[in-house]
Amino acid sequence: MLALGVLVLFHCTITYGQWENVWVFGQSAGLDFSATPPIPYQTAITGFGEACASVCDTEGYLLFYTEGSRVWDRNDNLMPNGTGLSPVVCDNVETSSAAQGTLIVPLPDAPHLYYIISLTAQECGSDKGCLFYSLVDMTLNEGNGAVVEGYKGILVDTGLTERMTAVSGNDCNMWLLSVSQANELRAYEISVSGIVSPPIVTVLGIQDPGMVGKMVVSPNRLWLTITDYSTAYPVKLCSFDPSSGTAATPMLLGLAVNTYGACFSPDNSKLYINEAASEGSIIYQYEVSSGEEAVITSSKTLVGPVSLPISDIKRGPDQKLYYPYQASPVGVYMGAIHEPNQAGIACNNESEYISFPPTMLVRAGLPNIIPFISGGDDTLTNTQTDTSCFASEVVLSAPDSAVNILWSNGSVALELTVSASGTYWVQYNFPHSQCTLRVDTFNITLVNPELPELVTLASCANASNGKAYMNGPYVNNFSYAWKDASGILLSQESILEGVAPGDYIVSIYTVGDCMTSINFSITEIDEPVAFDVDTIVCEEESVSFINTSAVYYTDFTWQFGTGDSSNLSSPHYTYATSGQYEVQLIGRGIQCRDTATVRITVDAPEAGYQFNLEPKEICTGEAVGLSIDITGEDNTLDGLYWYFGDGSYLQINDGNQQINHAYDSAGIMPVTLTAKFRACADVSFTDTVRVYALPIVDLGQDTSLCLDGRPIMLHNLAFAPGTSHQYSWNTGDTTAALRIQQPGRYSLKVITEPIGCTATDEIEVVKDCYADIPNAFTPNGDGDNDYFFPRTQLSNGVTNFKMQVFNRWGQLIFETTKLDGRGWDGRFNGQDQPMGVYLYLIDVGYSNGRQEAYKGSVTLIR
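Residues numbered from 1 in each chain as written. Predicted model: local features only at pLDDT ≥ 70, side-chain atom pairs only at ≥ 80, totals over all residues. Heavy atoms only, no water.

Student: Account for the sheet that holds strand β53 (residues 579-588), with residues named and values stated.
Tutor: Through backbone hydrogen bonds, the strands of a sheet pair up, either in parallel or in antiparallel fashion. If you walk across this open sheet you meet the 5 strands as β47-β54-β53-β50-β51, and the pairing is mixed. Of all strands in the sheet, those with a lone pairing partner are β47 (536-538) and β51 (565-566), marking the two edges. The pairing of β53 with strand β54 (residues 593-603) spans 10 bridges and is classified as antiparallel. Residue pairing in the sheet places Val583 in a bridge with Val598 of β54. (Pairing = 2+ DSSP bridges. Helix = DSSP H or I, 4+ residues; strand = E, 2+ residues; numbered from the N terminus.)

Take a look at the structure:
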């Protein structure tokens, strides 16, 4: 079965070509784009010279032109019924003084009918911003056109500004766009049914835009810009949706200045704006392709001056941008931007491109754009003839995106399968241009002998041994032409041999010169030979080689790097000596061979890993020193591990490293050194160290004794029966117990057998039965040291007590005999005493009969 592709002819929905081939504008001025540069053209247009529109036929010849209130035919005569298109009257500038006061819109699906849209200027006072339409029928007045009776000056809307344009929609429709005085974008749909009201309204999100300014849509219909000649606001730029007639919230470009003319570059990347200056005006360029407000604003670039205070900018059918220019003191020109798609001054601005004679007055305005949708009777056709040899049927196809499909047999499917010679057609539309009917015609001839079978054999990688041949009972009945992708003839036999991978075509010719071509490819055999194996193994161990080669290969040869080989698919091999070996697997198929190589390292198991351990016996908390004694090679070593017998271990990589390890518990500890290798078995060596426990010494808590009191006996409270101990007191005594009669700090060292492990404890014996008298106090009420009073360690050893405090003049200011009192609070007779030194006398009697008297001074601090 063969499938035929369909050649599709696309038709653009918006046309700037012949429909705008002649411009009429200003007063008596025109411009004919049939030549390069365009030629000034004398016309009959009158009025203020700002609003204007003109339209041509499909051949580029002028049909008619208007300034919004009157319409002239191609012969410069007013059309029948062609005045008063705007019912409003205001100083003969009803629409011609509006920035975009008129617009010509061809009716969808009616190529002989045109709307003239009229928009009144701000000079009309309360009647400003009124929108009307009139209908021109070009079949009237002997083909020169006339305004249809009853379809003149019909009101559409009010409350608008002077901005108006139109753009093609996505559904066989157009959008008439204007900006209202209430800050709205109003989109009136124009379809085969006429002008639809009310409009689609988009609130623009900015304040009153002012009456005067322009509104322009980009060629791709995705951008809309609004200028303002009121200095109130900057240029507005917003994205536009041609499917719904709505716009997004505008971006504000730059500062608020007087702006008027605006135009997009043909490639939609640049926006040109006419901005008022102190003398005349200036054209600036913005780069809008980024879509980001800050980037667009910063791209503002000066292109050139314009002498007129306000000036329009319009894209011509030659894709240049044009604007009126007046030289000083005389001379009227049309300036041109020759390369508007280029950035900055590369756009090539020329102010005095076209000169106008004095009979023509060029004002600010240029003709409004002509939006156009091809009519419903504009049918695009395509005929394709195909003789399909060796086929009993052919599949015909409409384009994938086609809609409203209808085949000549009544089918509405995307494809049609035919099994007889004949002529077939399909008609359809595209979604974006459903007004245009497309018809594709297929002239099919079927020739049906049995087609030979094409057999291909792939080529090996990096070789040219591919093959293709024809197979079947009728192979010799036909002639052949084998060609490569560039069309070079390679063979005229039924076989093609010795070719590289790539794309080819074979043409098969029957006796009746019916030719069928078959595209085919010679593929590349890029199937790999591969195997899996452990790349580090141990000598004298069996190594498994797992063949993972593609199924294409059937014969194999292994080279193990030792001179030995094997033809098994997945062999086993044992290496007798250590070292590095390159293993090679060679695979062979019908045509091709491939080789895979892997390097294997063979390790030798090592012995002779021992160590030295000193000392063999230690006390708890002491460390042993360990050093390794290696008698063999260690080049295959993966790591050394010390296991110390107390639950801890250490990994090292350097066999010369000295190790010290301390033990915190007693016992016989096995110390093991294990050498681990990459592939061979571990090797271990073990020795032991004996750890003796430290003796336990406990002299008890610190204690006290009274002077002239009974002595105290100190001895080790943690006695360990059956253990041989030696004793050493800091007094020089070596007895197990020590008799104490004086205060002081005493310590005992206990030494155990057999290696002299030692431990020490100490105790402090303090003096009791005495008074502890402070030398200062601070009676400030903070709860800390607020009273002067002697502190006693054993108050129950005191039998009588008396304390007296004197000032510096010897006056007794405090006296007490109470042991449980708080003492002197720094006051005398209820008054705080001054800071300074005070004398005290304290008499104390103790229970052992001892009587002591204390005399001294204390400092009062505030």
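On we go from here.
Student: Quick one: what's the story with the pairing of strand β6 (residues 62-66), residue by residue and with numbers?
Tutor: Judged by how many residues are buried, β6 sits mostly within the fold: 5 of 5 residues are covered. Two elements, strand β5 (residues 53-56) and β6, share 4 bridges in a ladder whose sense is antiparallel. Looking at β6, one finds that Cys56 is bridged to Leu62. The turn joining β5 and β6, which pair antiparallel and follow one another in sequence, is formed by 5 residues; a positive phi near 90 degrees is taken by Gly60. When β6 meets strand β7 (residues 71-73), the two strands line up antiparallel, connected through 3 bridges. Of the residues in β7, the one forming a bridge with Tyr65 is Trp72. (Buried < 20%, exposed > 50% of the residue type's maximum accessible area, 1.4 Å probe, protein only.)

Student: I'd like to hear about the state of the cysteines, residue by residue, with values.
Tutor: Per the counting criterion, the structure on display carries 4 disulfides. Each sulfur of the disulfide joining Cys90 and Cys124 lies 2.0 Å from the other. Taken together, the residues Cys90 in the loop between β7 and β8 (102-107) and Cys124 in the loop between β9 (110-119) and β10 (131-137) connect sequence positions 34 residues apart. Cys124 shares its class with Cys90; the two are buried. (Disulfide = S-S within 2.5 Å.)

Student: Which residues make up the sheet that holds strand β25 (residues 281-287), and what are the values?
Tutor: The sheet built from 4 strands is open, its strands ordered β23-β24-β25-β26 with antiparallel pairing. Every other strand in the sheet has two partners, leaving β23 (259-264) and β26 (301-306) as the edge strands with one partner each. The average angle at which neighbouring strand axes cross in this sheet is 20 degrees, direction not considered. Relative to β26, β25 is paired through 5 bridges, and the arrangement is antiparallel. In the strand pairing of β26, Ser281 is matched with Val306. (Axes fitted to C-alpha atoms, helices over the stretch in contact; angles between N-to-C directions.)

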